[in-house]
Amino acid sequence: MRLFIAIELPAEVKKLLTGLRTAIPGANWVPPEQLHLTLAFLGEVDEATCALLAEKLAGIVAPGFTLQFSSSGCFPDRRRPRVIWAGLSPSPLLTGLAELVGRAVRSCGIVQEERPFSPHITLARIRQPAGREAGAFLEQHRQLELPPVNVREFILFQSLLTREGAIHTPLGQFPLCG
Ligand code: 2AM
């Protein structure tokens, strides 16, 4: 099974993020129900490892926190934006949670890419970036004014890839304290 660990967003925030959409040629906008903040992407994991991981995640003790949106941005760079995202103000508690999650993942023998945690919410993916529209979007949403998000739990998701796109199913919800 293909797994990732993420923070869910309130329906209201998903709606507001979806409302930012503009016409960008070739952009695949993430459907509102799939907007999330990825803490860790695990790739293919067998069922026994998944069960062990769920135990380890349940053992994480970390405080809840509030996320504040800040700006929009893109990967890899503005000349050829392939992923357009909503960015967040730096949050040591979010980074701390991602570290604990990464540790739990590694303790199950799951090997992850050695990429620094770069918190973002993917809004759209562009296969063949061209034109000025993506740049205009980034310029228009240089600052993002959205309600803060209170994070009280994180979720282990299965991602099933289908012809119609990915289907995300929560396999476990893990509360934060406070
Ligand atoms: P992102 O959209 O926040 O970048 C589920 O596939 C999630 O895992 C994606 O939404 C993506 O988060 C994240 N992810 C990270 N690395 C990935 C990879 N190599 N392949 C697919 N998804 C990845």
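Structural notes, computed from the coordinates. Throughout this description, residue numbers start from 1 for each chain and increase along the sequence as written. Local features in this predicted model are restricted to residues whose pLDDT is 70 or higher, and side-chain atom pairs enter the listing and the counts only when it is 80 or higher, whereas totals over whole chains, interfaces and linings include all residues. Each side-chain value is worked out from all heavy atoms of the structure, with water and hydrogens disregarded.

## Let's talk about the site of the ligand
Taken together, Arg2, Phe4, His36, Thr38, Phe41, Glu113, His120, Thr122 and Arg125 make up the full set of residues adjacent to the ligand. Between an oxygen atom of the ligand and a side-chain N or O atom of threonine 38, the distance comes to 2.9 Å. Throughout this description, a polar contact denotes any pair of N or O atoms lying within 3.5 Å of each other; where both atoms belong to protein, one of them has to be capable of donating a hydrogen while the other can accept it, and for residues adjacent in sequence the pair is counted only when both atoms sit in side chains. Between arginine 125 and the ligand, the recorded distance is 2.7 Å, taken from a side-chain N or O atom to an oxygen atom. Here, Shrake-Rupley sampling with a 1.4 Å probe gives the accessible areas, and only protein chains in the shown set may cover a residue. Burial of the ligand by the protein amounts to 73% of the accessible area it has alone, namely 470 Å². Segments assigned H or I by DSSP are reported as helices when at least four residues long, segments assigned E as strands when at least two residues long, and all are numbered from the N terminus. Every element with two or more residues in the shell around the ligand is listed here: β1 (2-8), β3 (36-44) and β7 (120-126). Three residue categories are used. Nonpolar comprises Ala, Val, Leu, Ile, Met, Phe, Trp, Tyr, Cys and Pro, charged comprises Asp, Glu, Lys and Arg, and polar comprises the others, including Gly. For the shell around the ligand, the class distribution of residues is two nonpolar, four polar and three charged. By convention in this text, a residue qualifies as near a molecule or strand provided that one of its non-hydrogen atoms is within 4 Å of it.

## Digging into the pattern of salt bridges
We define a salt bridge as a side-chain nitrogen of Lys or Arg found within 4 Å of a carboxyl oxygen belonging to Asp or Glu. Evaluated as defined, the whole model comprises four salt bridges. Between aspartate 77 and arginine 79 there is a salt bridge, and its shortest N-O distance comes to 4.0 Å. We note a salt bridge from arginine 115 to glutamate 113, for which the minimum N-O separation is 2.6 Å. One exposure class covers both arginine 115 and glutamate 113, and it is exposed. Residue exposure (1.4 Å probe, protein chains only): buried if accessible area is under 20% of the type maximum, exposed if over 50%, otherwise partly exposed.

## Looking at the pairing of strand β10 (residues 165-175)
The side chains of a regular strand alternate between the sheet's two faces. Two elements, strand β9 (residues 153-162) and β10, share 10 bridges in a ladder whose sense is antiparallel. Looking across to β10, one finds that glutamate 153 is bridged to proline 175. Where β9 folds back onto β10 in an antiparallel hairpin, the turn is made up of two residues. Paired strands are those between which DSSP finds at least two bridges.

## Side note on the sheet that holds strand β2 (residues 27-29)
If you walk across this open sheet you meet the four strands as β2-β7-β6-β5, and the pairing is antiparallel. Two strands bound the open sheet, and with one partner strand each, they are β2 and β5 (69-75). In this sheet, adjacent strand axes meet at a mean angle of 25° when their direction is disregarded. Strand direction decides the pairing type here: strand β6 (residues 83-88) and β7, joined by five bridges, are antiparallel. What sits directly across from glycine 87, in β7, is histidine 120. Sheet strands touched by helix α4 (residues 133-140): β2, β5, β6 and β7. Its angle to β5, the strand with the most contacts, is close to 160°. Orientation is described by lines fitted to C-alpha atoms, with helices fitted over the stretch in contact, and by angles between N-to-C directions that extend from 0 to 180 degrees. Throughout, a residue-residue contact means that at least one pair of heavy atoms, one from each residue, lies within 4.5 Å.

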